[in-house]
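# Structural features, examined
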Amino acid sequence: MTSMSRARVARRIAAGAAYGGGGIGLAGAALVGLLVAEAQMARRQVSNGTTNHVPNAEGLYGLSYDTPGEPPLRLLMLGDSTAAGQGVHRAGQTPGALLASGLAAVAERPVHLRNVALPGARSDDLDRQVGLALADPGLVPDICVIMVGANDVTHRMPPTRSVRHLASAVRRLRTAGAEVVVGTCPDLGTIEPVQQPLRWLARRASRQLAAAQTIGVVEQGGRTVSLGDLLGPEFAANPRELFGPDSYHPSAEGYATAAMAVLPTVCATLGLWPAEEERPDVTRREGILPVAKAAAEAASEAGTEVAAARGPWAVLKRRRRRRVPETEPQPATPSP
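## Some details on helix α4 (residues 95-107)
Between the first and last C-alpha of α4 there are 18 Å, a value that for 13 residues agrees with the 18 Å anticipated at 1.5 Å per step. The buried fraction of α4 is high, at 10 of 13 residues. Within α4, the full set of buried residues consists of Pro-95, Gly-96, Ala-97, Leu-98, Leu-99, Ala-100, Ser-101, Gly-102, Leu-103 and Ala-104. Where α4 is buried, its residues contact β1 (59-61), β2 (73-79), α3 (81-84), β3 (111-115), β4 (143-147) and α11 (252-269). Looking one or two places after α4, you find Glu-108, whose phi comes out positive at around 55 degrees.

This is the structure:
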């Protein structure tokens, strides 16, 4: 599918999400039985070696930067197992801990991490998660990172419904005063247990959802980072290093790769990135594009950021990855 046609489909999905339209089917009725059988087989393979244990990484990071009278930045993780950090054994290996450590180093300021993500969650769980995040008006997060979408595809949630829930979550968080960065749906067509023809359909569905997510998020004032290749070339080249035991969730190295892709956008959103890197660089194929076209391009390249510009335009940036430190959380103070 070309970027132009992907942009049209993404715009249709996003419009359906905004105005209450129905889902857009990706497979005819004749394929349903085969796809269901393939999906069940892949799910059984993925479940082998999977543990629901998620290390508790919540706490205060960057204590060495503590400045009297200046409260720590508040980072909140929302979404599914990827945001939660399922598949690793140490708290410092989770994406939340990696982002908190990296943000503290860039800001030279402590960062308090809270994680309300839930393994297995779909976008319709974001309403509950946002409710938890905003329960105390005095502790609104400075920055929220949402990673969601994979379970929406595997459980065949209509993309319009998926985007509607995500856009609503972003709107609520932005209205409360929090900045929002969304890591869009990964390319599920690259997961080894998934066979053809499900592999092709999973890739198509996940990339369409990622593009539509970008439109919905940007229209609500958030930013997105494309994780479309999170399970792609780098993971295919080094599966024993970047995949966990279930060949589905990232390993510690895989989560570090994701964190490196997201950290620059988190820092830029908070105004902590060098100003010269905020200008679009034409040599890196960056620029100001129609939102749907920017979303379609971002869906096929990991680490690509899309942020709102004026009207129907968006800024497309290809951030340089930065290595993030791995640090165990320190005990949280009574008043984070």
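There's more to say after this.
## Comments concerning the layout of surface pockets
Estimates place the volume of the second largest pocket at around 160 Å³. Surrounding the second largest pocket, 11 residues form its lining, Arg-74, His-112, Arg-114, Leu-139 and Pro-141 being those nearest its centre. If you list the elements that add at least two residues to the lining of the second largest pocket, you get β2, β3 and α5 (126-133). Looking at the lining of the second largest pocket, its residues break down into seven nonpolar, one polar and three charged.

## Notes on the environment of Ser-123
Assignment of secondary structure puts Ser-123 in the loop between β3 and α5. Judged by its relative accessible area of 0%, Ser-123 is buried. Remark: the alpha-carbon pair of Ser-123 and Asp-152, spanning 29 residues in sequence, is separated by 6.8 Å. Apart from residues no more than four positions distant in its own chain, Ser-123 is found in contact with Val-148, Asp-152, Ser-162 and His-165.

## Quick look at the pattern of salt bridges
This model, assessed by the stated rule, comprises six salt bridges. For the salt bridge of Asp-127 with Arg-172, the shortest nitrogen-to-oxygen distance reads 2.6 Å. Taken together, the positions of Asp-127 in helix α5 and Arg-172 in helix α7 (residues 159-176) put the pair 45 residues apart, joining distant regions of the chain. Its relative accessible area of 30% is what places Arg-172 among the partly exposed residues.

## What about unusual backbone geometry?
As a rule of thumb, non-glycine residues mostly have phi less than zero, and peptide bonds are mostly trans rather than cis. One non-glycine residue with positive phi stands out, namely Glu-108, at about 55 degrees. Overall, Glu-108 belongs to the exposed group, its relative accessible area being 53%.

## A closer look at helix α12 (residues 291-298)
A large share of α12 lies buried, amounting to six of its eight residues. Taken together, the buried positions of α12 are occupied by Val-291, Ala-292, Ala-294, Ala-295, Ala-296 and Ala-298.

## Description of the nonpolar core
Counting residues in hydrophobic clusters, the biggest one holds 33 residues, and the most contacted among them are Leu-75, Leu-99, Val-145 and Val-262. The set of elements that each furnish at least two residues to this core consists of β2, α3, α4, β3, β4 and α11. Counting residues per element, this core draws most heavily on α11, which supplies eight residues. In contact with Val-145, other than residues within four places in its own chain, are Leu-75, Leu-76, Met-77, Leu-78, Leu-99, Val-181, Val-262 and Val-266. Leu-188, Ala-210, Val-291 and Ala-292 belong to the second largest nonpolar core, which has 22 residues in total.

## Here's the deal with the packing of α4 against α11
For the pair α4 and α11, interaxial distance at closest approach is 9 Å and the crossing angle is 40 degrees. With respect to α11, the element α4 is oriented oblique. Relative to α11, α4 is oriented so that their crossing is right-handed. In contact with Pro-95, Leu-98, Leu-99, Gly-102, Leu-103 and Val-106 of α4, α11 contributes Tyr-255, Ala-256, Ala-259, Val-262, Leu-263, Val-266 and Cys-267. In terms of residue class, the contact of α4 with α11 is built from 12 nonpolar, one polar and no charged.

## So, the pairing of β4
On a regular strand, each side chain points to the face opposite its neighbour's, so the side chains alternate between the two faces of the sheet. Burial of β4 is extensive: five of the five residues sit out of reach of the surface. Relative to β4, β2 runs parallel, the two sharing five bridges. Across the sheet, Leu-75 pairs through a bridge with Ile-143, a residue of β4. When β4 meets strand β5 (residues 179-183), the two strands line up parallel, connected through five bridges. Residue Ile-143 lies in a different strand from β5, and its bridge partner there is Glu-179.

Rules used throughout
Residues numbered from 1 in each chain as written. Predicted model: local features only at pLDDT ≥ 70, side-chain atom pairs only at ≥ 80, totals over all residues. Heavy atoms only, no water. Helix = DSSP H or I, 4+ residues; strand = E, 2+ residues; numbered from the N terminus. Expected span 1.5 Å × (residues − 1). Buried < 20%, exposed > 50% of the residue type's maximum accessible area, 1.4 Å probe, protein only. Contact = heavy atoms within 4.5 Å. 1 Å grid on protein atoms, 1.4 Å probe; cavity = no way out; pocket = protein on both sides within 12 Å on 5 of 7 lines; lining within 4 Å. Points joined across faces, edges and corners; volume = space filled by probe spheres on them. Nonpolar A, V, L, I, M, F, W, Y, C, P; charged D, E, K, R; others polar. Salt bridge = Lys/Arg side-chain N within 4 Å of Asp/Glu carboxyl O. Core = buried A, V, L, I, M, F, W, Y, C linked by side-chain atoms within 4.5 Å. Axes fitted to C-alpha atoms, helices over the stretch in contact; angles between N-to-C directions. Parallel < 35°, antiparallel > 145°, perpendicular 65-115°, else oblique. Left-handed = near helix turned anticlockwise from the far one by under 90°. Pairing = 2+ DSSP bridges.

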